[in-house]
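# Report on the structure
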Amino acid sequence: MAEEDSGQEKSEEPTARRIEKAREEGQVPRSKELATTAVLVIGAAGLIAFGPWMADYMNGIARYGFVIEREAVFDTSVLGRHLGASLEDAVYALAPWMILVLIAAIAGPLGIGGWLFSTKAITPKLDRLDPLKGLKRMFSMNSLVELVKAWAKVLVVGAVAWLVLAFFFEESMNLQRKALEPSIKGSVDIILWSVLALCCSTLVIAIADVPWQIYSHTKKLRMSMQEIKDEYKETEGKPEVKAKIRQLQREVAQRRMMADVPDADVVITNPTHYAVALKYSADAMTAPLLLAKGTDQVAQKIQEIAREHNVPRMQAPPLARALYAHGKVGEEIPEGLYVAVAQVLAYVYQMDMFAKGRGPKPERKPDMPIPRDLKINPDGSKA
């Protein structure tokens, strides 16, 4: 069976569980081209933005390094302090640009895949040392795509370089006619803008690489129908386990329901097949509350608890069936049964007063009218 499963075509899109599991193992789509381009473009833009400021600082450091008094040359402690001050100024001058590049280096890889830290990704895997698998990776589709990207970078960057040279050619030739300082400034400007243009050219490769990496990652995670079925069984649980869980849940709910029976005002019975426990408080409730209900053994247990705690019981088969069929435990009874239940509660109250010698005995049981759409036959079907 395992061999048949392994031969199935993986044509189905990966499930959310499969994607999450791959992420836990450190498998997310990443684009090296996007990360590299981010560092190059941001770095080049940073040089243009902070270049003049850094150049002024470096110029000051150079002047400070070459200007020193004769007496200080023979004092080793002065030279150390001189070097320390120069290094401090150099760090201060380069800090904005270095921070900008650091942010780009961190943010670039997060362009696709997001933030991820997984120890499984750095765990050594012996299968990577397999020479046969290594040869297979060398001649895989991914390797072919990497080769195409490498040639594309050469062609794109080369074409942009030729365009940049053509664009700045006349301006470069005019530099030799200028004085030294303007000529140096003009040369630096040309170099910086040329570098930015060349770095931006890699955006073309990055834009094409991002969808490919997403597609390649999704394809690698594709699943067969059998894998989806196995995952569903693993996630949702086997049918017999779920049945056992449902049984335990019913038992817990039943115990909780039975614990409420002693608080009931009346238990309406069938008399043996159905039992429904009701409670009503005029001060706290707008309608009677159904505390418990059950059939057969559960109904007998409800009646047994009611008998132990002296909860009044009343036989009213049609009303018991209607309350069981249409009422929900913990909720108010259906509106159509208000009159019938009110008559029952009034009858129970009169019987209680009679038992205490405070009132006459009721002449007869109430009629307990039940609407036609709420009536239930003895076999459980609707009337």
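Residues numbered from 1 in each chain as written. Predicted model: local features only at pLDDT ≥ 70, side-chain atom pairs only at ≥ 80, totals over all residues. Heavy atoms only, no water.

With an unreviewed UniProt entry as reference, the protein chain is termed Flagellar biosynthetic protein FlhB, source organism Bacterioplanes sanyensis. The UniProt entry for the protein chain carries the following text under Function (unreviewed entry): "Required for formation of the rod structure in the basal body of the flagellar apparatus. Together with FliI and FliH, may constitute the export apparatus of flagellin." In its Sequence similarities (unreviewed entry) section, UniProt records this for the protein chain: "Belongs to the type III secretion exporter family." (UniProt positions renumbered as here; feature names shortened; annotations may be inferred.)

### Some remarks on the packing of aromatic side chains
What the rule picks out here adds up to six aromatic pairs. With a centroid separation of 5.0 Å and an interplanar angle of 90°, the aromatic rings of Phe 167 and Phe 168 are classed as edge-to-face. Given the relative accessible area of 64%, Phe 167 is considered exposed. Judged by relative accessible area, Phe 168 falls into the buried class, the value being 13%. Taken together, the ring pairs connect Trp 53, Tyr 57 and Tyr 92 into an aromatic cluster. Directly above the ring of Tyr 324 sits Lys 293, whose terminal nitrogen or CZ lies 4.9 Å from the centroid. (Phe/Tyr/Trp six-rings, centres within 6.5 Å; stacked < 30°, edge-to-face > 60°. Buried < 20%, exposed > 50% of the residue type's maximum accessible area, 1.4 Å probe, protein only. Lys NZ or Arg CZ within 6 Å of the ring centre and 35° of its normal.)

### Topic: the UniProt feature "transmembrane region" (unreviewed entry) in the protein chain
The UniProt entry lists residues 34–55, 97–118, 150–170 and 190–215 under the feature "transmembrane region" (unreviewed entry), expressed in the numbering used here. Helix makes up 100% of residues 34–55 and strand 0%. Its end C-alpha atoms lie 29 Å apart. Helix makes up 100% of residues 190–215 and strand 0%, and the two end C-alpha atoms of the span are 39 Å apart. (Helix = DSSP H or I, 4+ residues; strand = E, 2+ residues; numbered from the N terminus.)

### Some details on the pairing of strand 1 (residues 266–269)
Alternating positions in strand 1 separate into two faces, Val 266 and Ile 268 on one and Val 267 and Thr 269 on the other, with burial throughout. Note: strand 1 against strand 2 (residues 274–279), four bridges, orientation antiparallel. Considered in strand 2, the bridge of Val 266 is made with Leu 278. What sits between strand 1 and strand 2 in their antiparallel hairpin is a turn of four residues. Here strand 1 runs beside strand 4 (residues 313–315); their pairing, made up of three bridges, is parallel. Along strand 4, the bridge assignment pairs Val 267 with Arg 313. (Pairing = 2+ DSSP bridges.)

### Focus: the side chain of Thr 269
With respect to the helices, strands and loops of the structure, Thr 269 is situated in strand 1. Residues within four places of Thr 269 in sequence aside, it is in contact with Tyr 274, Ala 275, Gln 303, Met 314, Gln 315, Ala 316, Pro 317 and Ala 320. (Contact = heavy atoms within 4.5 Å.)

### Re unusual backbone geometry
Here Asp 296, not a glycine, exhibits a phi torsion of approximately 50°, which is positive. Here Asp 296 lies in helix 11 (residues 296–308). One non-glycine residue, Asn 310, lies in the positive phi region at around 60°. Tracing the backbone shows Asn 310 in the loop between helix 11 and strand 4.

### Some remarks on the environment of Ala 292
You can see Ala 292 is positioned in strand 3 (residues 289–295). Owing to a relative accessible area of 0%, Ala 292 belongs among the buried residues under this scheme. Every residue in contact with Ala 292, bar those within four places of it in the chain, is listed here: Met 257, Val 261, Ala 275, Val 276, Ala 277, Ile 302 and Val 329.

### Details of the sheet that holds strand 2
Strand order in the open sheet formed by four strands is 3-2-1-4, and the pairing between neighbours is mixed. Whereas interior strands pair on both sides, the edge strands pair on one side only; in this sheet they are strand 3 and strand 4. Neighbour to neighbour, the strand axes of the sheet diverge by 20° on average, direction disregarded. Bridge analysis of strand 2 against strand 3 gives six bridges, and the strand direction is antiparallel. By the bridge assignment, Tyr 274 is partnered in strand 3 with Thr 295. Helix-sheet contacts for helix 11 involve strand 1, strand 2, strand 3 and strand 4, and the interaxial angle to strand 3 is about 130°. This element, helix 12 (residues 317–326), spans strand 1, strand 2, strand 3 and strand 4 of the sheet and lies at about 75° to strand 2. (Axes fitted to C-alpha atoms, helices over the stretch in contact; angles between N-to-C directions.)

### Considering the nonpolar core
In this structure, Ile 268, Leu 278, Leu 319 and Leu 323 are the most contacted members of the largest nonpolar core, which totals 23 residues. The element contributing the most residues to this core is helix 13 (residues 338–355), with six residues. Membership of the second largest hydrophobic core comes to 15 residues, among which are Leu 291, Ala 292, Ala 299 and Ile 305. (Core = buried A, V, L, I, M, F, W, Y, C linked by side-chain atoms within 4.5 Å.)

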